[in-house]
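One letter stands for each residue in the lines below.
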Amino acid sequence: MPPKNLNEFIGDLVTLPLAAAQKITQPILQAANSVVQRFPRELISLGGDADDPTGKVVYDFFAGIGPELAHPGGSLPGANRWDDPLDPAHPIPVILAHGTAGGGQTNWGTYVPLLTEAGYSVFTLTFGAIPGSRWPISALGGMTTIEESAAEFGAFAEKVMAATGSDKVHVVGHSQGTLVPNYWARFLGGHDKIGKYVSLAPLWEGTTVLDGATGVLDRFGFDPAGVVPCRALTQMMDDSEFIVTMNSDGGPYVPGISYTNISTVHDELVHPFTSGQLPGPDGVDVTNIVLQAGCVKDLSDHLGICGSPRAAAFVLNALDDHPSRVVPCQVVAPFFGSPLLRRTGGVPDFIKPFAPSTTPDR
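Bear in mind that the values here come from a model prediction, so they are computed numbers and not experimental data.

### A look at a nonpolar patch on the surface
On the surface, a nonpolar cluster with roughly 270 Å² of combined accessible area is contributed by Ile65, Leu69 and Trp135. Mapped onto the secondary structure, Leu69 falls in helix H2 (residues 65-70).

Structural data, given as structure tokens:
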């Protein structure tokens, strides 16, 4: 029988090759996993052992992939505890907003344990999945328009507030997830429902990284929005109608929300990286942070920023009313976050000579 609709057809095109590849590579993956498990993971404390007493935090952007494979469409341990009361020391719940093709588990393998260990009530969702899609396609969020994702995020935020009894939420977003909640705040009634807004690799003014590709499509008469399967992708370009709208009437920021923007100079997808370092107007609380300011050893890129211990410390300090976390400066690899080779023990001495700076930053 033919597929019922286009989404199912697309799902079959993707899932069938994946299933075949998984079957072929399963023996190799099992052997590799048995080797990797023999290596101790580098568990980095942020300013002292008390910051991570149980050693649950792994600073690796891909730390959430395994849980998604094990429990498709589920929640990371510690997230979405709907019936648990809020910690009096942290009376506002935190919602994590993933990036393009990310999800509630895949994007946040570092941040769910990090924030729950710090005492926060953490909630995650996957917004903007292709309607009607099946797993694993359904695990890829941020594929619909940002407006649709923002409405979905807003409904989830209302559910979180109703369950916890809080009249606000804090937000930690990555990439597209730095735009989605803000659209809800600016245009869909969430303006007074976000307290602190922490952005990893934000792109308030869009990105120029796809300008060349869209120029080629235009030359051949193709509409990029109709060709690219992710409808949000073209919206994030610097000259898109969405970015123009987001920056209308004095810029993207919403008065009453406290913004912290954390960017990396090595961001290969947000170009220029200063797109996320937009100053705030008078009366709006905006703090701009560049990871490499005072620490050139942090080589985090667009993905690696979510596994960077330095970025994590800035996030914790931004959420805390009385910030006290020591912000570390150490070699951080692009793509993953904390260097994978450090898991073998002894390899850090091999990595350090290749870092731009190995002396303590002043």
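Anyway, onward from the coordinates.
### Thoughts on the pattern of salt bridges
Per the stated rule, a full pass over the model turns up three salt bridges. Its salt-bridge partner being Glu148, residue Arg231 comes within 3.6 Å of it at the nearest N-O pair. Taken together, the residues span a long stretch of sequence, with Arg231 in the loop between helix H7 (224-227) and helix H8 (241-246) and Glu148 in helix H4 (residues 146-164) at a distance of 83 residues. The partly exposed category is assigned to Arg231, whose relative accessible area is 45%. A salt bridge links Lys193 to Glu158; the shortest N-O distance between them is 2.5 Å. Here the residue Lys193 occupies a position in the loop between helix H5 (180-187) and strand S4 (194-200), and Glu158 occupies one in helix H4, the gap between them amounting to 35 residues. Of the residues examined, Lys193 reaches a relative accessible area of 21% and is grouped as partly exposed.

### Some words on the environment of Glu117
On the secondary structure map, Glu117 appears in helix H3 (residues 111-117). Judged by its relative accessible area of 26%, Glu117 is partly exposed.

### Regarding the packing of aromatic side chains
Throughout the structure, instances matching the rule amount to 13 aromatic pairs. Seen from their ring centres, Phe62 and Phe335 are 5.1 Å apart, and the 55° between their planes marks the pair as tilted. Within this pair, whereas Phe62 is found in the loop between helix H1 (6-36) and H2, its partner Phe335 is found in the loop between helix H9 (309-319) and helix H10 (348-351), the two being separated by 273 residues in sequence. The exposure class of Phe62 is partly exposed, given its relative accessible area of 27%. Taking the centre distance of 5.6 Å and the plane angle of 25° together, the rings of Tyr183 and Phe242 count as stacked. Of this pair, Tyr183 sits in helix H5 while Phe242 sits in helix H8, and the two are 59 residues apart along the sequence. Accessibility classification places Tyr183 together with Phe242 in one group, the buried group. Through a chain of ring-to-ring contacts, the aromatic side chains of Tyr197, Trp204, Tyr253 and Tyr259 assemble into a single cluster.

### Some details on the state of the cysteines
What the rule picks out here adds up to one disulfide. Here Cys295 is linked by a disulfide to Cys329, with a sulfur-sulfur distance of 2.1 Å. Measuring handedness by torsion sign, the sulfur bridge of Cys295 and Cys329 sits at about 95° and is right-handed. Remark: Cys329 occurs in the loop between H9 and H10 and Cys295 occurs in the loop between strand S6 (286-290) and H9; sequence separation between them is 34 residues. A relative accessible area of 0% places Cys295 in the buried class.

Calculation notes
- Residues numbered from 1 in each chain as written.
- Predicted model: local features only at pLDDT ≥ 70, side-chain atom pairs only at ≥ 80, totals over all residues.
- Heavy atoms only, no water.
- Patch = residues over 30% accessible without salt bridge, like charges linked within 9 Å, V, L, I, M, F, W, Y side chains within 5 Å.
- Areas by Shrake-Rupley, 256 points an atom, 1.4 Å probe, with all protein chains shown as cover.
- Salt bridge = Lys/Arg side-chain N within 4 Å of Asp/Glu carboxyl O.
- Helix = DSSP H or I, 4+ residues; strand = E, 2+ residues; numbered from the N terminus.
- Buried < 20%, exposed > 50% of the residue type's maximum accessible area, 1.4 Å probe, protein only.
- Phe/Tyr/Trp six-rings, centres within 6.5 Å; stacked < 30°, edge-to-face > 60°.
- Disulfide = S-S within 2.5 Å.

By themselves, these are just geometric observations and shouldn't be taken as functional.
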